[in-house]
Amino acid sequence: MSIHIQKPEISAELRAFLDKPKKLLIDGQWVDARSGKTFAVEDPATQETITHVAEGDAADVDLAVAAARRAFEGGPWAKMLPAERASLVWRLADLLEQHADELAQLEALDNGKPVTAARSADVAGSIGMFRYMSGWATRLTGETIPVSSPGEWHAYTVREPVGVVGQIIPWNFPLMMAAWKLAPALSVGCTIVLKPAEQTPLAAIRLGELVQEAGFPDGVVNIITGFGETAGAAIASHPDVDKVAFTGSTEVGKLIVKAAAGNLKRVSLELGGKSPQVIFPDAKLDHTIVGTASAIFYNMGQCCTAGSRLFAHKKVFDQVVEGLTAEAAKLKIGHGLDPETTMGPLVSSEQHQRVTGFLQSGREEGAEVVTGGNVVGNRGYFVEPTVLAKTNRDMRVVREEIFGPVVCVQPFEEDDLDSIAQFANDTEYGLSASIWTQDLRKAHSLARKIKAGTVWVNTHNWGDAAFPFGGYKQSGWGREMGKEVLEHYTETKAVGVKLV
Ligand code: ADP
């Protein structure tokens, strides 16, 4: 593992963005928070302040919701043809593409992630999401229903946009989470109040500028930067928000559900995970080791899908652990803006404390630190990629979501798939799982037994705009991406016509 933490230069384009005041986007205008407050945004690699942004709260959320309501009920957006909506969403994707390098740098600076990964995954994935979802604007249809009532009937369904949607997103993929939320909602004609995470508000602000440049009417996309307990809670409880879409921790997901009960707004949740990776002895080991290491170390382990519980058959266990250790050693820890960096800092001091707290608890509970286990340097929120062995189901590091580059490895000797499924499913979460084998029967059969929204075979963390994503159990409600997400943003109206 090599360490090189120096902040490289940023592009003139990004510098120009950073130098501008960072306000709230309400009804097509960039405005200060009503309170006049701002908060600092920190570079997690250096702990330096990058800039300040407006701190929106309930008063600003009220204005944003009112603007979104007006845009939904009347004006150009409400009258816009599906093809026109599609082309606006596509144009937004084009603008992201034009500014891809700048956006990747922005993510690296604000979140800490490696700029190369930001470019190839976050930015590319966001562009792909807008392009894919734009197609649904003209393709989403209702059905005609062959009813059995006496007489003549014309019965059909229409899909209508659900209305004003509140979208609350986390800090691990700031731009991509915004894209996952905005793209389907815009394509079907909703209007939006988006709240990025307080740790990483910058990508959403830049995206807001591009939304305006693309030509979306005023009030269709409103962006409120601010804190969860104030701005976020105000969105979740707002009586004039028709639906709230949330991605974040399971703990806050439960608060959202409670807050949403006031007006029974629709709720979708994409929450935590403790995803298993199951390695069979017949897996292609070289490929598997690279893949399973990436499953946990990618994005510094700050993925809700992180493959944090790794079960390797005892015939290959030692090789897998050696391989993971070697992969950890290859990672280049550094500032996210450095193109050589493959592992950046964690996002914040809070997250750093959380992960180091888990490392401590793992040690105390008797886990063996095979590699890693320490913080790196004395500036920035870096931790070493860590492999913990001799772990068991009762340890906190095995049960709770760490959200850092820490994998708990356990050998298994069972061959029957029911027993394997049992330990893979031994968690309150059910977001994802991966199976590593060359045996098709095992792969598909175990995939059926796993209680998770996504099961990967011989890969992990792979996604596609067309591929639905979401959780079983306490990992959430509903699915994002694919055609499934359109359920969240539409109501089905049934029209029954008696032909008299
Ligand atoms: P993490 O613990 O990983 O930071 P959170 O679930 O706290 O994730 O945050 C995800 C998003 O939820 C952020 O935008 C945050 O501001 C927001 N949030 C946090 N608390 C609340 C709350 N009580 N109500 C609404 N949103 C919240």
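You'll find the structure just up there.
Rules used throughout
Residues numbered from 1 in each chain as written. Predicted model: local features only at pLDDT ≥ 70, side-chain atom pairs only at ≥ 80, totals over all residues. Heavy atoms only, no water. 1 Å grid on protein atoms, 1.4 Å probe; cavity = no way out; pocket = protein on both sides within 12 Å on 5 of 7 lines; lining within 4 Å. Points joined across faces, edges and corners; volume = space filled by probe spheres on them. Buried < 20%, exposed > 50% of the residue type's maximum accessible area, 1.4 Å probe, protein only. Helix = DSSP H or I, 4+ residues; strand = E, 2+ residues; numbered from the N terminus. Right-handed = clockwise from strand over helix to strand, strands pointing away. Pairing = 2+ DSSP bridges. Phe/Tyr/Trp six-rings, centres within 6.5 Å; stacked < 30°, edge-to-face > 60°. Lys NZ or Arg CZ within 6 Å of the ring centre and 35° of its normal. Axes fitted to C-alpha atoms, helices over the stretch in contact; angles between N-to-C directions. Parallel < 35°, antiparallel > 145°, perpendicular 65-115°, else oblique. Left-handed = near helix turned anticlockwise from the far one by under 90°. Contact = heavy atoms within 4.5 Å. Nonpolar A, V, L, I, M, F, W, Y, C, P; charged D, E, K, R; others polar. Near = heavy atom within 4 Å. Polar contact = N/O pair within 3.5 Å; in protein donor to acceptor, adjacent residues only side chain to side chain. Salt bridge = Lys/Arg side-chain N within 4 Å of Asp/Glu carboxyl O. Core = buried A, V, L, I, M, F, W, Y, C linked by side-chain atoms within 4.5 Å. Domains from an automatic or database assignment.

Colleague: Please clarify how empty space enclosed by the protein should be interpreted in this entry.
Modeller: Gaps between atoms show up when a probe of the same size as a water molecule is rolled over them. Summed over all chains, the structure comprises 4 cavities of 30 Å³ or more. Considering only enclosed or pocket space, the largest cavity measures out at about 60 Å³ in volume.

Colleague: I'm lost on the pairing of strand 8 (residues 164–168) in this one. Help?
Modeller: On any regular strand, side chains alternate: one points to one face of the sheet, the next to the other face. With 5 of its 5 residues buried, strand 8 lies for the most part within the structure. Of the two faces of strand 8, the one holding Val164, Gly166 and Ile168 and the one holding Val165 and Gln167 are both buried throughout. For the segment spanning strand 8, helix 7 (residues 174–187) and strand 9 (residues 191–195), crossover handedness is right-handed. For strand 8 and strand 11 (residues 243–247), the ladder comprises 4 bridges, and the chain directions are parallel. Its bridge partner being in strand 11, Gln167 is matched across the sheet by Ala245.

Colleague: Hey, could you run me through the packing of aromatic side chains in this one?
Modeller: Two descriptors summarise a pair of aromatic rings, namely the distance from one centre to the other and the angle between the planes of the rings. According to the stated counting rule, one finds 10 aromatic pairs in the structure shown. With 6.4 Å between their ring centres and 75° between their planes, Tyr132 and Trp136 make a pair best called edge-to-face. One end of the pair, Tyr132, and the other, Trp136, are both in helix 6 (residues 115–136), 4 residues apart, so they sit about a helical turn from each other. Owing to a relative accessible area of 25%, Tyr132 belongs among the partly exposed residues under this scheme. An aromatic cluster of at least three residues, connected via ring pairs, comprises Phe280, Phe311, Phe412 and Phe423. For the cation-ring pair, Arg131 lies above Trp90, with the distance from its terminal atom to the ring centre recorded as 4.8 Å. Over the face of the ring belonging to Tyr489 we find Lys243, whose NZ or CZ atom lies 5.4 Å from the ring centre.

Colleague: Explain the packing of helix 1 (residues 12–19) against helix 5 (residues 100–111) to me, please; I cannot follow it from the model alone.
Modeller: Contact geometry for helix 1 and helix 5: axes closest at 9 Å, N-to-C directions at 60°. By the criterion of interaxial angle, the relationship of helix 1 to helix 5 is oblique. The crossing of helix 1 and helix 5 is right-handed. On helix 5, the residues touching Glu13, Leu14, Phe17 and Leu18 of helix 1 are Glu102, Gln105, Leu106 and Leu109. Counted by class, the contact of helix 1 with helix 5 contains 5 nonpolar, 1 polar and 2 charged residues.

Colleague: Just checking my understanding: could you explain the site of the ligand for this structure?
Modeller: Neighbouring residues of the ligand: 18 residues in total, closest Ile169, Trp171, Lys195, Glu198 and Ser249. Trp171 is positioned such that a nitrogen or oxygen atom in its side chain is 2.8 Å from an oxygen atom of the ligand. Gly228 places a main-chain nitrogen or oxygen 3.3 Å from an oxygen atom of the ligand. Those elements that provide at least two residues to the shell around the ligand are helix 9 (228–237), strand 11 and helix 10 (250–260). Across the shell around the ligand, the residue classes tally to 10 nonpolar, 6 polar and 2 charged.

Colleague: Before we go on, may I ask you to explain the pattern of salt bridges in this structure?
Modeller: Between side chains of opposite charge, pairing is possible as soon as their charged atoms come close. As enumerated under the stated definition, the model contains 29 salt bridges in all. Between Arg69 and Asp240 there is a salt bridge; the shortest N-O distance is 3.0 Å. Residue Arg69 is found in helix 2 (residues 58–73), and its partner Asp240 is found in the loop between helix 9 and strand 11; the two are separated by 171 residues along the sequence. On the basis of relative accessibility, which here comes to 16%, the residue Arg69 falls in the buried class. Its relative accessible area of 29% is what places Asp240 among the partly exposed residues. The partner of Lys332 in a salt bridge is Glu340, and the shortest N-O contact between them spans 3.5 Å. Residues participating in the shared-partner salt-bridge network are Lys20, Glu102, Arg206 and Glu209.

Colleague: Explain the nonpolar core here, please?
Modeller: Soluble globular proteins tend to bury their nonpolar side chains together. Judged by nonpolar contacts, the single largest core of 118 residues is most densely connected at Leu18, Phe130, Leu186, Leu202, Phe216 and Val409. Per element, the largest residue contribution to this core is 10 residues, and it comes from helix 7. Split by domain, this core shows at least three residues from each of two domains, domain 1 (10–271 + 476–494) and domain 2 (276–465). Residues Ile26, Ile224, Ala236 and Val244 belong to the second largest nonpolar core, which totals 26 residues.

Colleague: Please explain the sheet that holds strand 23 (residues 454–457) as it appears in this structure.
Modeller: One key point about sheets: their strands pair by backbone hydrogen bonds, in either a parallel or an antiparallel sense. The mixed open sheet is built from 7 strands, whose spatial order is 16-19-20-14-13-22-23. Of all strands in the sheet, those with a lone pairing partner are strand 16 (368–371) and strand 23, marking the two edges. Shown here is a sheet whose adjacent strand axes are inclined to one another by a mean of 25°, direction ignored. Of the strand pairs in this sheet, strand 13 (residues 276–279) and strand 14 (residues 309–313) are connected by 4 bridges, and their pairing is parallel. Paired with Ile279 across the two strands is Ala312, which belongs to strand 14. Of the strands in this sheet, strand 13, strand 22 (432–436) and strand 23 are in contact with helix 16 (residues 440–449), which crosses strand 22 at around 160°.

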